[in-house]
Amino acid sequence: MKYDLIIIGGGPIGISMLYRFINTKYNVLLIEKENLFNSFYHMDKNMIWHSPINGCNLKENQFSESYSPTVSELIKNFKLFVKENIDDKYYKINEKVTLINKNENYYNILTKKNKYITKAIYIATRTNFSVPTSVNFQIINSNVNRHLTDSSNIEGKKICVIGGGWTSADAVVALQEKNNVTIITRNYKKFKDKHREQKAIYGHKDFDIKYKYIQYNKIYEIKNNKINVDNNILEFDIYYIFFGYSHNNNIKIDCDKEKIFDNSQGKYIELLENVYGCTKDHTKHNGRYIVRTNTIDSVIKLIENALN
């Protein structure tokens, strides 16, 4: 079968795009390498989703501004949306795209299972939360985790969080109430700024800093639950390492990209919150919403122009 459009990536942006196109004259298919909304299964299911207005919507005005779901609730609603609105003939799961090439006016999309033919492609992949980036030190016989998926059942532990990004801040927010948490980061000032930003996003106006911190130069190893950091030996019950995650931009494209709309670097829709035209200003955190031009509507027009 020849398609007009194939969407690669089954996260919220890909599903939003699919939902819009199945109600048009175009023959469309979505291909996802694992399960739909796969990245959300690698997040803390108790975490309140950051941007409740547009970050949750798979269609315009799906949820109200007051909707502040946990990740678990959000997954449930996402799955229900697909069940009620998108027939499974419109998507393929557990098919990793390995190569895109071209034959005359059609693109060939190759997976390990199949070959698909299409006039245009929208690559809706971004960060791959199921594949953490590698670390440059040894980990031997230790309780080390690269994801935090359920913070509710962790209590009374001595915990070390390694990293300084958003995921580390998420983990500290979730864990410090019931545990003894230490954050190990290269730049504590940057991490502290992120922690304050997470407070604002979560709405915890009187959220106290209850964790300890270590600013480090080098981690040598974690062995038998003991960490050698800058030649100091410390011991923890649990380690969470958040050094970032891989990107889903490793598809080999062996042809021109005239009708390939590649969003793996955020070129067309920069953030999930931006799907329907506005995003929370995470710089000032004052509840102000700003209009963006590269919304889902403008991207759909670009694709339709390419198809006509």
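Criteria and thresholds
- Residues numbered from 1 in each chain as written.
- Predicted model: local features only at pLDDT ≥ 70, side-chain atom pairs only at ≥ 80, totals over all residues.
- Heavy atoms only, no water.
- Helix = DSSP H or I, 4+ residues; strand = E, 2+ residues; numbered from the N terminus.
- Buried < 20%, exposed > 50% of the residue type's maximum accessible area, 1.4 Å probe, protein only.
- Contact = heavy atoms within 4.5 Å.
- Pairing = 2+ DSSP bridges.
- Right-handed = clockwise from strand over helix to strand, strands pointing away.
- Axes fitted to C-alpha atoms, helices over the stretch in contact; angles between N-to-C directions.

A. Region of the structure containing the overall build of the protein. A tally of helices and strands in the protein yields five helices and 21 strands. Each of the 308 residues in the protein was classed as buried or not, and the buried ones make up 48%. Sequence separation of 24 or more characterises 65% of the internal contacts of the protein that already satisfy a separation of 6 or more.

B. Representation of the pairing of strand β2 (residues 28-31) within the structure. Burial of β2 is two-sided: the residues V28 and L30 facing one way and the residues L29 and I31 facing the other way are all buried. In this sheet, β2 lies alongside strand β1 (residues 2-8) in parallel orientation, the contact comprising four bridges. The partner of I7 across the bridge, within β2, is L30. Regarding the hand of the β-α-β motif, the stretch spanning β1, helix α1 (residues 12-21) and β2 is right-handed.

C. Geometry of the sheet that holds strand β10 (residues 158-162). Taken in spatial order, the five strands line up as β9-β16-β10-β11-β12 in an open sheet, and their pairing is parallel. The sheet terminates laterally at β9 (144-145) and β12 (212-215), the two strands that pair on one side only. Inspection of the sheet shows β9 paired to strand β16 (residues 238-241) by two bridges, in the parallel sense. Residue pairing for β16: V144 is matched across the bridge by Y239. Against the sheet, helix α3 (residues 166-175) makes contact with β10, β11 (180-185) and β16, and its axis sits at roughly 165° relative to β10, the strand it touches most.

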